[in-house]
Each structure stands twice: as C-alpha cells, then as structure tokens.
Amino acid sequence: MKPAAGQPAMPPPVAPVLESEVGRLNAENELLKKRLFDSQDEVNRLKVIIDSQDKTASKSDSDQSGKKSQSRYWTEMEHTRFLEALQIVGPKDVKGIAQIVGTRNATQARTHAQKYFLKLARMKKCAEEALKNGSPPPPPEK
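Described in the following lines is the structure provided in the data block. Note that the coordinates shown come from a computational prediction; the quantities given were computed from them, not determined experimentally.

**Digging into the packing of helix 3 (residues 94-101) against helix 4 (residues 106-133)**
Line of reasoning, step 1. Interhelical geometry of helix 3 versus helix 4 gives an angle of 105° and a closest axis separation of 8 Å. Relative to helix 4, helix 3 is oriented roughly perpendicular. Contacts from Val-94, Lys-95, Ile-97 and Ala-98 of helix 3 reach helix 4 at Ala-106, Ala-109 and Arg-110.
Line of reasoning, step 2. Classifying every residue of the contact of helix 3 with helix 4 by side-chain character gives 5 nonpolar, no polar and 2 charged.

See below:
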C-alpha cells in the first residue's frame, strides 16, 4: 500500500535479527549506565574520605607548627631511590631526582648529590693512596 501524497513513507519492518540486536544493545546500555552511576558514587565516596583526611592532616600540621615533619637524614630507601634516579635522569636533573625520590625537594636532592659525589671522590682518593702504599684500601664509609 502506497502512502498518500505528502505523507512520509513507513519504514520497512525490522528483521527479527536486528530487533534482538537492538534489544541486546539496549540491555548493555542500561548495564553501562548502572556501572557509571555506581562509579560516580564511588568517586564521591572517595572524595569525602580524602577531604576528611586532608582536614585531619592539616590539623596535625598546625599542631606541629615549629617542628620539622621530615628527618634531616636520608633513609636507606630514599638513598636507593636517589641512586636509581641518578641512573635514570643523570646527576644534573635535580628536579627529576627529587620527583623520583618522592620525599625530598630539588634543593635537598642537589645537596645530597653534592655530598654523595664528594664522598665518592674521597673514597677513590683513599683507595688510590692505599694502592700506592701497598696496603689494602680502607673499608667503605657509611
């Protein structure tokens, strides 16, 4: 049957295969919407937790005003990460070193590097002198 003049043509009937595919896609779409909603809830829940921890941390920071929050001395783990950073970014990129170490800033990384290279030079000099004198080199410093 042809449509009357001026009326849009009716689409042909959708094949049963396409109908089942459309149904499957609609179900999948609903599932994805639910997962998105659940994920948004989880993000909001985590934001609340982070905010409360930030408030707690800022309280403890203000309680410790005048106290240093970080030790003056580098831990073994920090020094290990420092050595890894030297191999990755080189000795001149103190910002990169600080970023890899994670717990120290660029100034602290620079001064640690200076002291470390002075120590290496001192150990090398002692070893060379020991070889000249025929005595065993001194044990490495800690």
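**Some remarks on the nonpolar core**
Line of reasoning, step 1. Counting 10 residues, the largest nonpolar core consists of Trp-74, Phe-82, Ala-85, Leu-86, Ile-97, Ala-98, Val-101, Ala-109, Ala-113 and Tyr-116.
Line of reasoning, step 2. Beyond its immediate sequence surroundings of up to four residues, Val-101 is in contact with Trp-74, Glu-78, Arg-81 and Phe-82.

**Some thoughts on helix 2 (residues 76-89)**
Line of reasoning, step 1. The end-to-end C-alpha distance of helix 2, which contains 14 residues, comes to 20 Å, matching closely the 20 Å that a straight helix rising 1.5 Å per residue would cover.
Line of reasoning, step 2. Within helix 2, the full set of buried residues consists of Glu-78, Phe-82, Ala-85 and Leu-86. The arc that holds every buried residue of helix 2, seen down its axis, measures 105°, which confines them to one face. For helix 2, the exposed residues lying more than 90 degrees away from the buried face are Glu-76, Met-77, Gln-87 and Ile-88.

**As for the packing of helix 2 against helix 3**
Line of reasoning, step 1. Where helix 2 contacts helix 3, the axes come no closer than 8 Å and their chain directions differ by 135°. Considered as vectors, helix 2 and helix 3 are oriented oblique to each other. In this structure, the crossing between helix 2 and helix 3 has a hand that is right-handed. Residues Glu-78, Arg-81, Phe-82, Ala-85, Leu-86, Ile-88 and Val-89 of helix 2 form the contact with helix 3, whose own contacting residues are Gly-96, Ile-97, Ile-100 and Val-101.
Line of reasoning, step 2. When the residues that make up the contact of helix 2 with helix 3 are grouped by side-chain class, the tally is 8 nonpolar, 1 polar and 2 charged.

**Examining the layout of surface pockets**
Line of reasoning, step 1. Of the voids in this model, the largest pocket is the one considered here, and its volume is about 480 Å³.
Line of reasoning, step 2. Forming the boundary of the largest pocket are 16 residues, of which Arg-72, Tyr-73, Trp-74, Arg-104 and His-112 lie nearest the centre.
Line of reasoning, step 3. Of all elements in the fold, only helix 2 and helix 4 reach the threshold of two or more residues within the lining of the largest pocket.
Line of reasoning, step 4. If you tally residues by element for the lining of the largest pocket, the top one is helix 4, at 5 residues.
Line of reasoning, step 5. Of the residues contributing to the lining of the largest pocket, the split by class is 3 nonpolar, 8 polar and 5 charged.

Cut-offs applied
Residues numbered from 1 in each chain as written. Predicted model: local features only at pLDDT ≥ 70, side-chain atom pairs only at ≥ 80, totals over all residues. Heavy atoms only, no water. Axes fitted to C-alpha atoms, helices over the stretch in contact; angles between N-to-C directions. Helix = DSSP H or I, 4+ residues; strand = E, 2+ residues; numbered from the N terminus. Parallel < 35°, antiparallel > 145°, perpendicular 65-115°, else oblique. Contact = heavy atoms within 4.5 Å. Nonpolar A, V, L, I, M, F, W, Y, C, P; charged D, E, K, R; others polar. Core = buried A, V, L, I, M, F, W, Y, C linked by side-chain atoms within 4.5 Å. Buried < 20%, exposed > 50% of the residue type's maximum accessible area, 1.4 Å probe, protein only. Expected span 1.5 Å × (residues − 1). Arc of directions from axis to C-beta. Left-handed = near helix turned anticlockwise from the far one by under 90°. 1 Å grid on protein atoms, 1.4 Å probe; cavity = no way out; pocket = protein on both sides within 12 Å on 5 of 7 lines; lining within 4 Å. Points joined across faces, edges and corners; volume = space filled by probe spheres on them.

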